[in-house]
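# Residue-level structure breakdown
So the chains spell out like this:
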Amino acid sequence: MNKRDLMVNPTLACGNLLNLKKDLDILEKEGISILHIDVMDGHYVPNLCFNLNTLSEIRRNYAFLLDVHLMVTNPEDYVIPLKEIGIEYLSFHLDTVRFPIRLLKKIECLGMKGGIVLNPSQPVSLLEEVLPYLSFVLVMGVEPGFSGQTFLPQTIDKIKELACIRKERALTFMIEVDGGVNDLNTESCIKEGADILVTGAFGVFRRKNGLEQDCHDYLELVERIKR
């Protein structure tokens, strides 16, 4: 993917949950095209986030691409319901399924883009056999489950390694980075090959000058780096 096709992907977990519609309206106005939405079950990670009813309402009222990150112990149970809602991107953690290639093929057959999430403690080599079946790899910059954590520096090395493998093997998967993405590491993420930047508490939702201005500022930063 060319740098000109970079996607800034705000994570709603960092939004104003008491006034989510206002946030969504602002993001839409600022030209955001994709939203990152965490679905947690309280088991795989000790937290809860958005449920399928919230996803349905967002889909019903907005035209964003929806990128759902499943932090659940049984991702297979969510695939059909999420397809019925109409989401476009769907990722799951490698350690939650016995047959990841089978699940990726199912996601693709249902018309969605399938991705696997790589936790900070997991090496890129774990994905060796599944990379040809992926639409994207989601590289976690923090341990999954909670917003506001500090970006782990080894994340950049993983992005670079994935980009090298993609080029060497002529593969087409996208590289998404999620967790701790901020003004200081955004350039390194882009330079080393990231295509999708999940931005939260240190980016679009930093709550510094208001969502509209913070979103505008982060989008401008990405545009400057791309040039």
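Here, the structure is the one placed above.
An account of the accompanying structure is given in this report. This one's a predicted model, so the numbers in the text were calculated from it and none came from an experiment.

Mapping Thr199 onto the fold places it in strand β8 (residues 196-199). Since its relative accessible area comes to 0%, Thr199 is described here as buried. There is a polar contact of 2.8 Å between the side chain of Thr199 and the backbone nitrogen of Val204. Not counting residues within four places of it along the chain, the set of residues in contact with Thr199 comprises Val8, Asn9, Pro10, Thr11, Val204, Phe205 and Tyr218.

Take the side chain of Asp67 next. Mapped onto the fold, Asp67 is located in strand β3 (residues 65-71). Nearest to the buried, unbridged Asp67 among oppositely charged side chains is Arg59, at 11 Å. A polar contact is formed between the side chain of Asp67 and the side chain of Asn9, at a distance of 2.8 Å. Engagement of the side chain of Asp67 in a polar contact is seen with the side chain of His36, the distance being 2.8 Å. Ignoring sequence-local partners within four residues, the contact set of Asp67 consists of Asn9, Ile34, Leu35, His36, Ile37, Tyr89, Phe136 and Glu176.

Turning our eyes to something else, we now look at the packing of aromatic side chains. Under the counting rule described, the total for this entry stands at 2 aromatic pairs. When the ring centre of Phe99 is taken as origin, the NZ or CZ atom of Arg102, which lies over that ring, is 4.4 Å away. Here the guanidinium or amino end of Arg166 rests over the ring plane of Phe173, the centre of that ring lying 5.8 Å away.

Before going further, it helps to examine empty space enclosed by the protein. Using the criterion set out here, one finds 1 cavity of 30 Å³ or more in the structure. The calculated volume of the largest cavity comes to roughly 220 Å³. For the largest cavity, the lining is made up of 24 residues, of which Val142, Phe146, Ser147, Asp178 and Gly179 are closest to its centre. Those elements that provide at least two residues to the lining of the largest cavity are β2 (34-40) and β8. The residue makeup of the lining of the largest cavity, split by class, is 12 nonpolar, 9 polar and 3 charged.

Ordered by their spatial adjacency, 8 strands build an open sheet running β1-β8-β7-β6-β5-β4-β3-β2, and the pairing between neighbours is parallel. At either end of the open sheet lies a strand with only one pairing partner, and these are β1 (7-10) and β2. This sheet shows a mean twist of 25° between the axes of neighbouring strands, independent of strand direction. Where β2 and β3 come together, 7 bridges link them in parallel fashion.

Now for the packing of helix α1 (residues 20-29) against helix α7 (residues 211-226). Where α1 contacts α7, the two axes come as close as 10 Å, and the packing angle between them is 35°. You can see that α1 and α7 cross each other, and the crossing is right-handed. Contact residues: α1 offers Asp23, Ile26, Leu27 and Lys29, while α7 offers Leu211, Glu212 and Cys215. Residue composition of the contact of α1 with α7, by class: 4 nonpolar, no polar and 3 charged.

We now examine the packing of helix α2 (residues 52-61) against helix α3 (residues 76-85). At a minimum axis distance of 9 Å, the contact between α2 and α3 shows a crossing angle of 25°. Taken as axis vectors, α2 and α3 run roughly parallel relative to one another. Read as a crossing pair, α2 and α3 show a hand that is right-handed. Judged by residue contacts, Leu52, Leu55, Ser56 and Arg59 of α2 engage Tyr78, Pro81, Leu82 and Ile85 from α3. Classifying every residue of the contact of α2 with α3 by side-chain character gives 6 nonpolar, 1 polar and 1 charged.

Definitions and cut-offs
Residues numbered from 1 in each chain as written. Predicted model: local features only at pLDDT ≥ 70, side-chain atom pairs only at ≥ 80, totals over all residues. Heavy atoms only, no water. Helix = DSSP H or I, 4+ residues; strand = E, 2+ residues; numbered from the N terminus. Buried < 20%, exposed > 50% of the residue type's maximum accessible area, 1.4 Å probe, protein only. Polar contact = N/O pair within 3.5 Å; in protein donor to acceptor, adjacent residues only side chain to side chain. Contact = heavy atoms within 4.5 Å. Lys, Arg positive; Asp, Glu negative; His and termini not counted. Salt bridge = Lys/Arg side-chain N within 4 Å of Asp/Glu carboxyl O. Phe/Tyr/Trp six-rings, centres within 6.5 Å; stacked < 30°, edge-to-face > 60°. Lys NZ or Arg CZ within 6 Å of the ring centre and 35° of its normal. 1 Å grid on protein atoms, 1.4 Å probe; cavity = no way out; pocket = protein on both sides within 12 Å on 5 of 7 lines; lining within 4 Å. Points joined across faces, edges and corners; volume = space filled by probe spheres on them. Nonpolar A, V, L, I, M, F, W, Y, C, P; charged D, E, K, R; others polar. Pairing = 2+ DSSP bridges. Axes fitted to C-alpha atoms, helices over the stretch in contact; angles between N-to-C directions. Left-handed = near helix turned anticlockwise from the far one by under 90°. Parallel < 35°, antiparallel > 145°, perpendicular 65-115°, else oblique.

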